[in-house]
Amino acid sequence: NWEKSDVKKRNKDEIYEMEITFNEMIDSLKENFEKQEAFVSNASHELKTPIQIIKSYAQLIERQGKKRPELLDESVGAIDSEADRMQKLVEQLLLLAKHKNENKKQEINIREVVEQVIQTFQKAYPDREIQFDAKASDYKTFGNIDQIKQIPYILIENALKYSEEAILIKMRIDTDTGKIEIQFKDDGEGIAMEEQEKIFDRFYRVDRARNRETGGTGLGLAIAKEIIEIHGGEITVESEVGQGSAFTWTLLK
Ligand code: ADP
């Protein structure tokens, strides 16, 4: 009876397809789980390092502080900057944990947001030149203001940190797509081609040793990218070693 065997075959095909879907699901769950595990292990490693440094300076003061008062300045300075580093890490980890669950969106004039962040940095870095270029007074988008604010904050901080000259922020509307485009450009150290994709990964830093001095956590760009993507936007980088970098953030209007 050909009909019966046809039904059998169809069932077999369906089971086979289900098996494939099921295996794909398991693989993706496994991948997510492994990513989560790597994240937790990276996070605890990054938090343990400053604690260890703080402890070893505290012990040094305890053992030798009375005999060698010159150690005090160095130790207190190091403890203070490691504590700052930990504070920043904790703040960024909280941001990463929180932003997926937040859903309060509003209309935002992104020009105002970027200008406010520029002002904050200009106060903190009075010697640095931050140029801003935008034709219109309004660039309206829709999003979570607390999250959106983080993006210029992260990109400007990086541009200042990894360059010495003036930095330039340009805002415009792409005439083809109608989307808002904001570019953050510096003439700093630049990023090698093979690093350009990795810098958006959590905890990735091009130069880990040097980065301890600049106080980087390797989380900034990962946070920026995640926030941009949940808002339906995009971030890309163009850079050349020794020439500088330009990060372009495209947002929906
Ligand atoms: P960090 O806290 O280390 O700055 P980010 O996630 O913001 O972490 O950046 C990851 C890495 O990308 C940095 O450690 C740095 O090596 C590189 N990077 C980011 N922005 C720039 C820039 N404007 N110029 C050169 N390198 C940059």
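Residues numbered from 1 in each chain as written. Predicted model: local features only at pLDDT ≥ 70, side-chain atom pairs only at ≥ 80, totals over all residues. Heavy atoms only, no water.

Enquirer: Explain empty space enclosed by the protein to me, and be specific about the residues and the numbers.
Expert: Across all of its chains, the model carries one cavity of 30 Å³ or more by this definition. Taken as a whole, the largest cavity encloses approximately 40 Å³ of empty space. Every residue along the wall of the largest cavity is listed here: Thr141, Phe142, Ile148, Ile228, His231, Gly233, Trp249 and Leu251. For the lining of the largest cavity, the secondary structure elements donating two or more residues are strand 3 (140-143) and strand 7 (244-251). Here the lining of the largest cavity is built from residues that sort into five nonpolar, three polar and no charged. (1 Å grid on protein atoms, 1.4 Å probe; cavity = no way out; pocket = protein on both sides within 12 Å on 5 of 7 lines; lining within 4 Å. Points joined across faces, edges and corners; volume = space filled by probe spheres on them. Helix = DSSP H or I, 4+ residues; strand = E, 2+ residues; numbered from the N terminus. Nonpolar A, V, L, I, M, F, W, Y, C, P; charged D, E, K, R; others polar.)

Enquirer: Give a description of the layout of surface pockets that names residues and reports values.
Expert: Of the pockets and cavities examined, the largest pocket occupies roughly 820 Å³. Lining the largest pocket are 40 residues, and of these Ile154, Asn158, Lys161, Tyr162 and Gly220 sit closest to its centre. For the lining of the largest pocket, the secondary structure elements donating two or more residues are helix 2 (70-98), helix 3 (110-124), helix 4 (145-161), strand 5 (180-186), helix 5 (208-214), helix 6 (220-230) and strand 7. No other element matches helix 4, which puts nine residues into the lining of the largest pocket. Tallied by class, the residues present in the lining of the largest pocket amount to 19 nonpolar, 11 polar and 10 charged. Lining the second largest pocket are 19 residues, and of these Lys35, Phe200, Asp201, Arg202 and Glu226 sit closest to its centre. Elements supplying a minimum of two residues to the lining of the second largest pocket: helix 1 (2-64) and helix 6. It is helix 1 that contributes the most residues to the lining of the second largest pocket, six residues altogether. Here the residues of the lining of the second largest pocket are counted per class, giving seven nonpolar, four polar and eight charged.

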